[in-house]
Amino acid sequence: EIEAKYNKKMHVLRDELDLRRKTEIHEVEERKNSQISVLMKNHEKAFSDIKNYYNDVTLNNLALINTLKEQMEEMKKKENHLEKEMADMLLQNKQLTERLQRAQEQVSELQKKLTHYEKDKEALRNTKAHLKVSQKELKDLQWEHEVLEQRFGKVQAERDELYQKFTKAINEVQQKTGFKNLLLERKLKGLFSVLEKREVELNEVLSASNLDPSALSLVSHKLEDVLDSKNNTIRDLQFELARTCKAHNDLLQTFEAKLAAFGIPRDSLGFRPLELPLLGQ
């Protein structure tokens, strides 16, 4: 019974162990299969990456080969160009050698001229100092010029105002003087005509009246007194006329002097001032 019991237990245990073994084997196979699939995927991916990498390397190498070919051609072109430049450089070198010789000759001449450099430098310093003084004088003169321009504008305004007033005064004086001179001349002519008539009438009266010499002398003295009085009046009128003419001419001279001082030509007035003649002219 014990043997049967333990055999039964052993069969049950064996069945459990077989089941566990099968389960574990099944799990191990599944893990193995999953690892195999993962490894296959990884290998495929690695293969694809390696393939792509080598494809890229191949393409890059082909591109590099083409680039190197192009660079080779460019290098050949550059070599040809450099050979031409070399020939040009040799020619330029020859020309520069000739220029160098001429430059050396010029250097020798400049070294000779260099001896006078200090003198020229001193002259330049003096010139600069003189230039500064001249610039200062120029600024002062510009400032004086601005001041003078302002004063000139003010003087021009005063001149224009004075010119208008003076022109008006000249016209008024000319009108008054001409009218006064006309009155004086007419008055003198009237006096001369009256005097001539009186002399004629007096001669007629004297010839008509048989006066004695004493009465005639008395009448003559009275007549001379009257004539002296009239002559004095005539001389006074002539003096007044001469004084008026002189005042008019002095006024014209003053006016012309003012015009010359302000720089106005006499012809720009638009009229010709009347110069009155003095008595006896």
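Just so it is clear, the model here is predicted, and its values are computed rather than measured.

S.K.: Kindly report on the overall build of the protein, identifying the contributing residues and their values.
M.R.: Counting its regular elements, the protein contains three helices and zero strands. The linear arrangement of helices and strands in the protein, starting from the amino end, is α-α-α. Of all 281 residues assigned to the protein, the portion counted as buried reaches 9%. Total accessible area computed for the protein in this model is approximately 24500 Å², and 58% of it derives from carbon and sulfur atoms.

S.K.: How would you sum up the nonpolar core? Please name residues and give values.
M.R.: Core analysis: the largest hydrophobic core is formed by six residues, namely Leu184, Leu188, Ile234, Leu237, Leu241 and Cys245. Looking at which element gives the most residues to this core, the answer is helix H3 (residues 213-261), with four residues.

S.K.: So what's going on with the confidence of the model for the protein? Residues and values would help.
M.R.: Per-residue pLDDT for the protein averages 79, and the proportion of residues at 70 or more is 80%. Per-element confidence in the protein is highest for helix H1 (residues 2-114), whose mean pLDDT is 90, and lowest for H3, whose mean pLDDT is 73.

S.K.: Residue-level account of a negative patch on the surface, with values.
M.R.: A surface patch of negative charge is lined by Glu24, Glu27, Glu29 and Glu30. Structurally, Glu24 can be placed in helix H1.

S.K.: With reference to specific residues and values, describe a nonpolar patch on the surface.
M.R.: Nonpolar side chains collect at one region of the surface, where Ile50, Tyr53 and Tyr54 lie side by side and expose about 360 Å² of accessible area between them. With respect to the helices, strands and loops of the structure, Tyr53 is situated in helix H1.

S.K.: Describe in detail the pattern of salt bridges, supporting the description with residues and values.
M.R.: Across all of its chains, the model carries five salt bridges by this definition. Close ionic contact of Lys136 with Asp140 constitutes a salt bridge, the shortest N to O distance being 3.4 Å. Separated by four residues within a single helix, Lys136 and Asp140 lie in helix H2 (residues 117-208), roughly one turn from each other. For Lys136, a relative accessible area of 54% gives the class exposed. Accessibility expressed as a relative area gives 36% for Asp140, which makes it partly exposed. Measuring nitrogen to oxygen at the nearest pair gives 3.0 Å for the salt bridge that ties Asp250 to Lys246. Note that Asp250 and Lys246 are positioned in helix H3 at a spacing of four residues, about one turn of the helix. Looking at Lys246, the relative accessible area reads 47%, which means it is partly exposed.

Definitions and limits used
- Residues numbered from 1 in each chain as written.
- Predicted model: local features only at pLDDT ≥ 70, side-chain atom pairs only at ≥ 80, totals over all residues.
- Heavy atoms only, no water.
- Helix = DSSP H or I, 4+ residues; strand = E, 2+ residues; numbered from the N terminus.
- Buried < 20%, exposed > 50% of the residue type's maximum accessible area, 1.4 Å probe, protein only.
- Areas by Shrake-Rupley, 256 points an atom, 1.4 Å probe, with all protein chains shown as cover.
- Core = buried A, V, L, I, M, F, W, Y, C linked by side-chain atoms within 4.5 Å.
- pLDDT = per-residue confidence, 0-100.
- Patch = residues over 30% accessible without salt bridge, like charges linked within 9 Å, V, L, I, M, F, W, Y side chains within 5 Å.
- Salt bridge = Lys/Arg side-chain N within 4 Å of Asp/Glu carboxyl O.
- Lys, Arg positive; Asp, Glu negative; His and termini not counted.
- Charge placed at Lys NZ, Arg CZ, Asp CG, Glu CD.

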